[in-house]
Amino acid sequence: MLTLAPDIEVLARFGRALADPIRCRILLALREAPAHPADLADTLEISRTRLSNHLACLRDCGLVVTVPVGRRTRYELADDRLGHALDDLRTAVVAVEADRACPDADEKGCC
């Protein structure tokens, strides 16, 4: 049975999902259209094993759901509003001081 998460928990789950660039790419791909794992792996050029681990995280966060299609499973965003939220986040202006960048930004892909 699906339950609704409290506001703070929803934000924490969203933050956890967005903390990894591959999960961000998966969410953006699913924002465009639902997809089967094999197609997502090909599109994102990552191994199916790696994709599977990230999809499990996104399912655990409650951001994606599975839909059986015959003998295959398709993934899609759990709520259409998540696509709008991703668009809003992508276009949001963030204030970052140039001299405060993380010294490990290049290695970690952050900041």
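Residues numbered from 1 in each chain as written. Predicted model: local features only at pLDDT ≥ 70, side-chain atom pairs only at ≥ 80, totals over all residues. Heavy atoms only, no water.

Participant: Hey, could you run me through the packing of helix H2 (residues 21-32) against helix H5 (residues 80-91) in this one?
Facilitator: For any two helices packed against each other, one specifies the crossing angle of their axes together with the interaxial distance. Between H2 and H5, the shortest axis-to-axis distance is 10 Å and the interhelical angle comes to 125 degrees. The orientation of H2 with respect to H5, classified from their angle, is oblique. Two packed elements cross with a definite hand, and for H2 against H5 that hand is left-handed. Judged by residue contacts, Leu27, Leu28 and Arg31 of H2 engage Gly83, Leu86, Asp87 and Arg90 from H5. Of the residues belonging to the contact of H2 with H5, the class tally is 3 nonpolar, 1 polar and 3 charged. (Axes fitted to C-alpha atoms, helices over the stretch in contact; angles between N-to-C directions. Helix = DSSP H or I, 4+ residues; strand = E, 2+ residues; numbered from the N terminus. Parallel < 35°, antiparallel > 145°, perpendicular 65-115°, else oblique. Left-handed = near helix turned anticlockwise from the far one by under 90°. Contact = heavy atoms within 4.5 Å. Nonpolar A, V, L, I, M, F, W, Y, C, P; charged D, E, K, R; others polar.)

Participant: For this particular structure, what's the right way to read the pairing of strand S1 (residues 64-69)?
Facilitator: By the bridge criterion, 6 bridges tie S1 to strand S2 (residues 72-77) in an arrangement that is antiparallel. Directly across from Pro68, in S2, lies its bridge partner Thr73. Where S1 hands over to S2, the hairpin turn is made up of 2 residues, of which Gly70 adopts a positive phi near 65 degrees. (Pairing = 2+ DSSP bridges.)

Participant: Quick question: what am I supposed to make of the nonpolar core here?
Facilitator: Nonpolar side chains in soluble globular proteins tend to be buried together. By size, the foremost hydrophobic cluster in this structure holds 22 residues, and its most contacted members are Ile26, Leu27, Leu30, Leu51, Leu58, Leu63 and Val64. Secondary-structure elements contributing two or more residues to this core are helix H1 (7-18), H2, helix H3 (37-44), helix H4 (48-60), S2 and H5. (Core = buried A, V, L, I, M, F, W, Y, C linked by side-chain atoms within 4.5 Å. Buried < 20%, exposed > 50% of the residue type's maximum accessible area, 1.4 Å probe, protein only.)

Participant: Teacher, can you tell me more about the side chain of Arg23 here?
Facilitator: Structurally, Arg23 is set in helix H2. Lacking a salt bridge, the buried Arg23 has Asp20 as its closest oppositely charged neighbour, with an N-O distance of 4.3 Å. Residue contacts for Arg23: discarding those within four places in its chain leaves Arg16, Ala17, His54, Cys57 and Leu58. (Lys, Arg positive; Asp, Glu negative; His and termini not counted. Salt bridge = Lys/Arg side-chain N within 4 Å of Asp/Glu carboxyl O.)

Participant: Looking at this structure, I do not really get the side chain of His36. What am I missing?
Facilitator: By the secondary structure assignment, His36 is in the loop between H2 and H3. If near-sequence neighbours (up to four positions away) are discounted, His36 is found in contact with Val69, Arg72, Thr73 and Arg74.

Participant: Got a minute to help me understand H3 in this structure?
Facilitator: Think of an α-helix as 3.6 residues a turn; residues three or four steps apart then line up on the same face. Among all positions in H3, only Ala38, Leu40, Ala41 and Leu44 are buried. Down the axis of H3, the buried side of the element spans an arc of 165 degrees, and every buried residue falls inside it. Opposite the buried face of H3, by more than 90 degrees, sit the exposed residues Asp42 and Thr43. Following H3 by one or two positions, Glu45 has its phi on the positive side, about 55 degrees. (Arc of directions from axis to C-beta.)

Participant: Help me understand unusual backbone geometry, please; the structure alone is not making it clear to me.
Facilitator: Generally, phi is negative for residues other than glycine and the peptide bonds are trans, each holding for most cases. Although it is not a glycine, Glu45 sits at a positive phi angle of roughly 55 degrees. By the secondary structure assignment, Glu45 is in the loop between H3 and H4.

Participant: Honestly, the pattern of salt bridges in this entry has me stumped. Any pointers?
Facilitator: Pairing between side chains of opposite charge can happen when the charged atoms of each approach one another. Evaluated as defined, the whole model comprises 6 salt bridges. With a closest N to O distance of 2.5 Å, Asp87 and Arg31 form a salt bridge. Taken together, the residues span a long stretch of sequence, with Asp87 in helix H5 and Arg31 in helix H2 at a distance of 56 residues. Counted as one network, the salt bridges with shared partners bring together Arg31, Glu32, Asp87 and Arg90.

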